[in-house]
Amino acid sequence: MIFSSLRHLFLLEQVSASRLSYLTHMASTQFIGGRRRASEYGLQLKRTFSVIHGSLDWLTPEAREYVVEKARLCQPENIHVCDGSEAENAALVDQMVRAGTLKKITSDKFENCYLALTDKRDIARVERKTYICMEKEKDACPTVRFGSKAFLGNWMSVESMDFQMNRLRFPNSMAGRTMYVIPFSMGPVGSPLAKYGFELTDSPYVVSSMRIMTRMGKSVLDYLQQSGEKQFIRCLHSVGRSLGMLSSWPCDPENTLIAHFPHRNEVCSYGSGYGGNSLLGKKCFALRLASSLAQREMWLAEHMLILGITNPEGKKKYIAAAFPSACGKTNLAMLKPTLPGWKVECVGDDIAWMRFDSEGNLRGINPESGFFGVVPGTSMKTNPYAMKAIHKNTIFTNVAMTKDGDAYWEGMEDEDLDLDEVEVTSWDHRRWTRESEFTAAHKNSRFCSPAHQLEIIDPAWEDPKGVPIEAILFGGRRERVVPLVYESNDWTHGVFTGASMRSLTTAASLEGTVRRVNHDPFAMRPFLGYNCGQYFQHWLDMGKVANAKLPKIFYVNWFRKEERSKLPGGQDPKFLWPGFGENSRVLEWIFRRTDNEDVAISSPIGLVPKYGALNIEGLTPAVDMENLFAIRKDDWVREVQGIREFFEDQLPEDLPGPLWTELKKLEDRVASMP
Ligand code: SAT
Ligand code: MN
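Everything quoted here is computed from the prediction, not taken from an experiment. (Residues numbered from 1 in each chain as written. Chains lettered and ligands numbered in written order. Predicted model: local features only at pLDDT ≥ 70, side-chain atom pairs only at ≥ 80, totals over all residues. Heavy atoms only, no water.)

Caption draft 1: Quick look at the coordination of the manganese ion (ligand 2). Within the first shell, the manganese ion (ligand 2) binds the protein through Lys283 (NZ), His303 (NE2) and Asp350 (OD), at distances of 2.0 to 2.2 Å. When the donor residues of the manganese ion (ligand 2) are listed from N- to C-terminus, their spacing reads K-x19-H-x46-D. Separated by 47 residues along the polypeptide, His303 in the loop between strand S13 (300-302) and strand S14 (304-310) and Asp350 in the loop between strand S16 (343-348) and strand S17 (352-356) bring together distant segments of the chain. Accessibility classification places His303 together with Asp350 in one group, the buried group. (Donors = N, O, S within 2.8 Å, 3.2 Å for Na, K, Ca; no water. Helix = DSSP H or I, 4+ residues; strand = E, 2+ residues; numbered from the N terminus. Buried < 20%, exposed > 50% of the residue type's maximum accessible area, 1.4 Å probe, protein only.)

Right, here's the structure in full:
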C-alpha cells in the first residue's frame, strides 16, 4: 500500500476474485449472500478515496491500516478525518439541517439545540441483535438448564459473525456517503484509566453526538502520536443500505446487527443510527468490551453513575450506583438534596470504570464526557440541574416540537407553554393534543448534552486519578417486596445482591415494551462482555485484592408502591416514597454507615436503618414507614424462590460457589422468620 499524496489514498492492492464475489450491492434490503459477482450489478469497486477533511497522516500506522481496510470494505464516497473542532461540527450540523436530519430548536429558551427524529423502527437498543463473539459459546454465555432459553448473553461464533459482517452487511454499505474517522478517548486523555478508540461511521449524527459523549478529535490523535500508545478499540458503524437512501434517517432495521469481538478489541454495528447501537464508545466499548478488558486487567467497568456527596460539616464521599437503563441514574447523579446543608455533585450518570490504587482505594472515573439521558419526565422538579444543562448545545432525539420551534415532552411542566394554544407535532410527525392517545415525545427520547455545562459537575470529574468510591448501590424498579434501603452484610453478600437484582422493564430497549420484572444482575444483563458467571467470580475476586479498602454495598428501591390488596377496589397504588431530592435522606444514612455509625440493625435480608435513624423530618405528607420497610415472609419466600429458579435455570454450572452459599444462607434466614 502506498500513500502518494496527503489528501489521496490510493489502494493499489489487487482486489482478489473471491473478495469481489461478495461485494454484492443490493437494490433491495434483501441480502442475497455471496454468490453473485459485483460486476453483475454494474458495480465498480472504488480503489481511490478522497480525504475531504483532515489527513490520514494524523493517524498512527495501525489506525491508518484499519481505516484503509474498512474503506475498501464499505466503499464510501470519501473520507473525513475528524478534528473535533467547533468549525467542523458547525459545518456538519449545517449539512444535517439541510438534509432534514436535524431541526433547529428556534425558541429563545434553547441555545444551539437541535432535534433529530429517527425512523420509527429505530428508536432503542436492540438486544436480540446484539452479540458477543468469542471462540467458544461458553466464553460468552453461561450454560443454561436443559431446555431453557438463554437469557444472559447472546453468542455467535467469530467465523459466522465475520461472514455476516464482512460479506453480507458492510460491503458497499457506505456507497454514496462519507466515512467519518472519529478518534476518541474514553476517560480524560492521558489518564491511567483512559482507553482510546476509532469509530468509523457514515452518520454525521454519530459524529456530532460522539463529540459530546467522548473526548474526540485532534487532542486524542496528538496524544496517540506522542505517547506511542498502540492499543485502540476498533469501532465500525454504518447506518446501512436502505430503500430510503434519501430519507433523513437512513437505517436498515431488518438487518441490524451489532457484534463485539472482545479478543480483537473490535465492535461492528450495522443498520441502526440510534444511541446505544451507534455511539460505539458508550455501551459497546465502555461496557461490553471494557468489562472483558477489566476482567483480564483486574478492574471494573460498570453500568453505574458516580456522585460526590458533601455533608453539612464539609466532609465529602463518592458513591457509585448501578440501576438498569431508564431507572433514574441520571436523576440520582444530579440530585438536589432536600436535606439542608447537603450537597451532591455529579461525576457521571451512566458508566463507571474503577480500579484499586496502590493505597487500596477504589478509584473511579466516568469514561464519558456527556449525558445521553431519558427526556420524558425531566423537569425543574425532578432534575433542575439537567433541565438547565439541556437548554444549550444539546442534541435531542425523538422529542416533540411546537409550531413556534420549542421542544416539548411529557412531564416537562413548562408553565409558559399553553398547550391549548400552541400546535404540537409528536416525534413521529403527528398532530398532538393533550387528548391524544399517543405520546408527544417517544418514551425513550433522549438528550445528548456536554457534561461540563452541568452546574453541579464535580470539580474532580476529570481528575485522571479518578475519585475514591466508598459505597456501591444496587437497585431497580420494584413496586413490591423490596424495602427502600438495606445494606449487605459483607462484600460477598453484596455481590450476591448485585447478582440477584431484578427490575421492571423499561423502554430503553426495543424488547422492553412488555412490563414485567426481569432479572438484571448488576444492571449489566444487556452489557456483559463475557460469561455472566465469570463476571460474578470477577467481582468476588476484586474483594480479595491485596490491601483493598472494600466499599460497603447497599440495595435501594425508590419505587415501592402501596399494597393493591389493601386498597379500596379499583384504586391505583401510589408510590410510598417521594423520591428525587428526598432520596438525599437515604444517601445521608448510607453516608453515616460508611463512617460505621451505629445506625443499622440486622434483618433477614441485610442491615436496615435503626428505628428513627432515617431522617424523615419535615416530609409531608408523612411517609408510611411501616410499609416502606416491610420485609414480609411470604414475599421473601417467593423472592428467594425466584432467585434460586433464576440461578438454577440460567447459571446451573457457572454460578460461583460462594453465591450458592449466600443463597442458602438467605433461604435459611427467610425460613426462620416468624
Ligand atoms: O443504550 S442507550 O445509550 O441507548 C441508553 C441506555 O440504554 O441506557
Ligand atoms: Mn445506561
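Caption draft 2: Up close: the layout of surface pockets. Each pocket or cavity is described by its volume, and for the second largest pocket that value is around 730 Å³. Around the second largest pocket, the lining is made up of 34 residues, and of these Glu127, Phe151, Glu511, Arg525 and Pro526 lie nearest the centre. Only strand S6 (130-132) and strand S28 (502-504) provide two or more residues apiece to the lining of the second largest pocket. (1 Å grid on protein atoms, 1.4 Å probe; cavity = no way out; pocket = protein on both sides within 12 Å on 5 of 7 lines; lining within 4 Å. Points joined across faces, edges and corners; volume = space filled by probe spheres on them.)

Caption draft 3: Helix H14 (residues 584-594), seen in detail. Summarising burial for H14: ten of the eleven residues are buried, a large majority. Among all positions in H14, only Ser584, Arg585, Val586, Leu587, Glu588, Trp589, Ile590, Phe591, Arg593 and Thr594 are buried. Asn596 lies just past H14 and shows a positive phi near 60°.

Caption draft 4: Fine view of the confidence of the model for the chain. Of all residues in the chain, 93% have pLDDT values of 70 or greater, and the mean over the chain is 92. Scored below 50 in pLDDT, residues 1-43 shows 86 contacts in the model against residues more than four places distant or in partner chains. (pLDDT = per-residue confidence, 0-100. Contact = heavy atoms within 4.5 Å.)

Caption draft 5: Geometry of the pairing of strand S3 (residues 78-81). Residues of S3 alternate between two faces, with Asn78 and His80 on one and Ile79 and Val81 on the opposite face, all of them buried. Here three bridges tie strand S2 (residues 48-53) to S3, and the two strands are oriented parallel to one another. Opposite Val51, over in S3, you have Ile79 as the bridge partner. With helix H2 (residues 61-74) bridging S2 and its parallel neighbour S3, the resulting β-α-β unit is left-handed. Both S3 and strand S7 (residues 178-186) contribute to a ladder of four bridges, which runs parallel. Across the sheet, the residue bridging to Asn78 is Thr178, located in S7. (Pairing = 2+ DSSP bridges. Right-handed = clockwise from strand over helix to strand, strands pointing away.)

Caption draft 6: Structural view of the sheet that holds strand S22 (residues 407-408). Overall, antiparallel pairing links the four strands, which are arranged S22-S21-S23-S24 in an open sheet. Each edge of the open sheet is held by one strand with a lone partner, namely S22 and strand S24 (431-432). By the bridge criterion, two bridges tie strand S21 (residues 400-402) to strand S23 (residues 424-425) in an arrangement that is antiparallel. By the bridge assignment, Thr402 is partnered in S23 with Val424.

Caption draft 7: A look at the site of ligand 1. With respect to spatial proximity, the complete set of residues near ligand 1 consists of Arg125, Tyr274, Gly276, Lys282, Lys283, Ser325, Phe372, Arg446 and Ala508. Measuring from an oxygen atom of ligand 1, one finds a backbone N or O atom of Gly276 at 3.0 Å. Note that an oxygen atom of ligand 1 is positioned 3.1 Å from one of the side-chain N or O atoms of Lys283. Taking 250 Å² as the accessible area of ligand 1 by itself, protein coverage stands at 98%. Residues that form the shell around ligand 1 fall into these classes: three nonpolar, two polar and four charged. (Near = heavy atom within 4 Å. Polar contact = N/O pair within 3.5 Å; in protein donor to acceptor, adjacent residues only side chain to side chain. Areas by Shrake-Rupley, 256 points an atom, 1.4 Å probe, with all protein chains shown as cover. Nonpolar A, V, L, I, M, F, W, Y, C, P; charged D, E, K, R; others polar.)

Caption draft 8: Broad picture of a negative patch on the surface. A cluster of acidic side chains, namely Asp418, Asp420, Glu421 and Glu435, defines a negative patch on the protein surface. With a relative accessible area of 38%, Asp418 lands in the partly exposed category. (Patch = residues over 30% accessible without salt bridge, like charges linked within 9 Å, V, L, I, M, F, W, Y side chains within 5 Å. Salt bridge = Lys/Arg side-chain N within 4 Å of Asp/Glu carboxyl O. Lys, Arg positive; Asp, Glu negative; His and termini not counted. Charge placed at Lys NZ, Arg CZ, Asp CG, Glu CD.)

Caption draft 9: Structural view of empty space enclosed by the protein. Within the structure shown, the criterion is met by four cavities of 30 Å³ or more. In this structure, the largest cavity encloses a volume near 120 Å³. What lines the largest cavity is a set of 14 residues, and nearest its centre among them are Tyr486, Ser500, Trp636, Glu639 and Ile643. Elements represented by at least two residues in the lining of the largest cavity include exactly helix H12 (491-499) and helix H16 (633-650).

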